[in-house]
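This is what each chain is made of:
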Amino acid sequence: MQRFITAALALAVFCTAAAGSDKGFALAVDPALTESGLTRYILPRFSLKTGVRVTPVPPGTDADLEFGADVEGAAAVARDGVIFAVSRPKGDQAKRFRDWLLSDVGQSTVEAYAPETGAPFIGARDASFDGSPTLIAGDVVEGERLSLDLCGRCHVVSGKNRMSGIGSTPSFAVLKSLPDWESRFSAFWALKPHPAFTRIDGMTEPFDPDRPPH
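Please read these numbers as outputs of a predicted model, since none were measured by experiment. (Residues numbered from 1 in each chain as written. Predicted model: local features only at pLDDT ≥ 70, side-chain atom pairs only at ≥ 80, totals over all residues. Heavy atoms only, no water.)

Bringing the overall build of the protein chain into the picture now. Helix and strand content of the protein chain: 8 helices and 6 strands. The order of α-helices and β-strands along the protein chain, N terminus first, is α-β-α-α-β-β-β-β-α-α-β-α-α-α. Every one of the 214 residues in the protein chain was classed for burial, and the buried ones make up 34%. Across the protein chain, the fraction of contacts at a sequence separation of at least 24, relative to all contacts at a separation of at least 6, is 59%. (Helix = DSSP H or I, 4+ residues; strand = E, 2+ residues; numbered from the N terminus. Buried < 20%, exposed > 50% of the residue type's maximum accessible area, 1.4 Å probe, protein only. Contact = heavy atoms within 4.5 Å.)

Phe25, Leu27, Ile42, Phe67, Val77, Phe97 and Leu101 are the most contacted members of the largest nonpolar core, which totals 26 residues. Among the elements of the structure, strand S1 (24–29), helix H3 (38–50), strand S3 (65–68), strand S4 (73–79), strand S5 (82–86) and helix H4 (92–102) are those that each provide at least two residues to this core. Looking at which element gives the most residues to this core, the answer is H4, with 5 residues. Setting aside its immediate chain neighbours within four residues, Phe97 contacts Phe25, Leu27, Ile42, Leu43, Phe46 and Leu65. Judged by nonpolar contacts, the second largest core, of 8 residues, contains Ala75, Ala78, Ile83 and Val174. (Core = buried A, V, L, I, M, F, W, Y, C linked by side-chain atoms within 4.5 Å.)

So, about the pairing of S1. A large share of S1 lies buried, amounting to 5 of its 6 residues. As paired elements, S1 and strand S2 (residues 53–57) share 5 bridges and run parallel to each other. Across the sheet, the residue bridging to Ala26 is Thr55, located in S2. Judged from the 3 bridges that link them, S1 and S3 form a sheet pairing that is parallel. Within the sheet, the bridge partner assigned to Val29 lies in S3 and is Phe67. (Pairing = 2+ DSSP bridges.)

Looking at the protein chain as a whole, its pLDDT mean stands at 82, while 84% of the residues score no less than 70. Note on residues 4–21: pLDDT is under 50 here. Beyond four places in sequence and across chains, it has 1 contact. (pLDDT = per-residue confidence, 0-100.)

What follows deals with the side chain of Asp30. Inspection of the secondary structure puts Asp30 in the loop between S1 and helix H2 (31–36). Notably, Asp30 is buried but unbridged: the nearest opposite-charge side chain belongs to Arg79, and the N-O separation is 9.8 Å. With near-sequence residues (within four places) excluded, Asp30 lies in contact with Pro59, Phe67, Gly68, Ala69 and Phe84. (Lys, Arg positive; Asp, Glu negative; His and termini not counted. Salt bridge = Lys/Arg side-chain N within 4 Å of Asp/Glu carboxyl O.)

Now the structure itself:
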């Protein structure tokens, strides 16, 4: 009996070690994400949930997945107008982390992190981003004020209203990372559902007094 128990324990240890040997991957992390503390916050939570070990490595290192501002792939998080994307994964464990990060749970985990300094991070799930900057002239402060006032009921505009908005409505960070973002913002008043409650003097018809917008 003792020999059987000893053999069973040895087999269990062997199986655990064998299973754990492929339960990890290397993640090349943007220094800005490391310095912000975001990865120190989300990686242990992912590992606790999945049992997958994540080893952060500097950019340029051979890794199974890249996570940073200069990465071509799916936009994952945004901060102060900067989009951080995740690359195409190498291996099942890296793919598992990528899928988790872009999921509702992963995005909520990102937005739950409160940095000691600087703006919070905003989820930017399932949006492609090629890293090409677009420069727009204008008053950023006034744009934020108007956006928070006129759009903030439905959209998360910035860190100032990150706990507001409607869950099914994309945040400005997600919209900005879409390939056709400029046309979406330029013609927002013509894109559903905006015509139902938006009126622009000289461009759109007045609302029917008998059917006011909500």
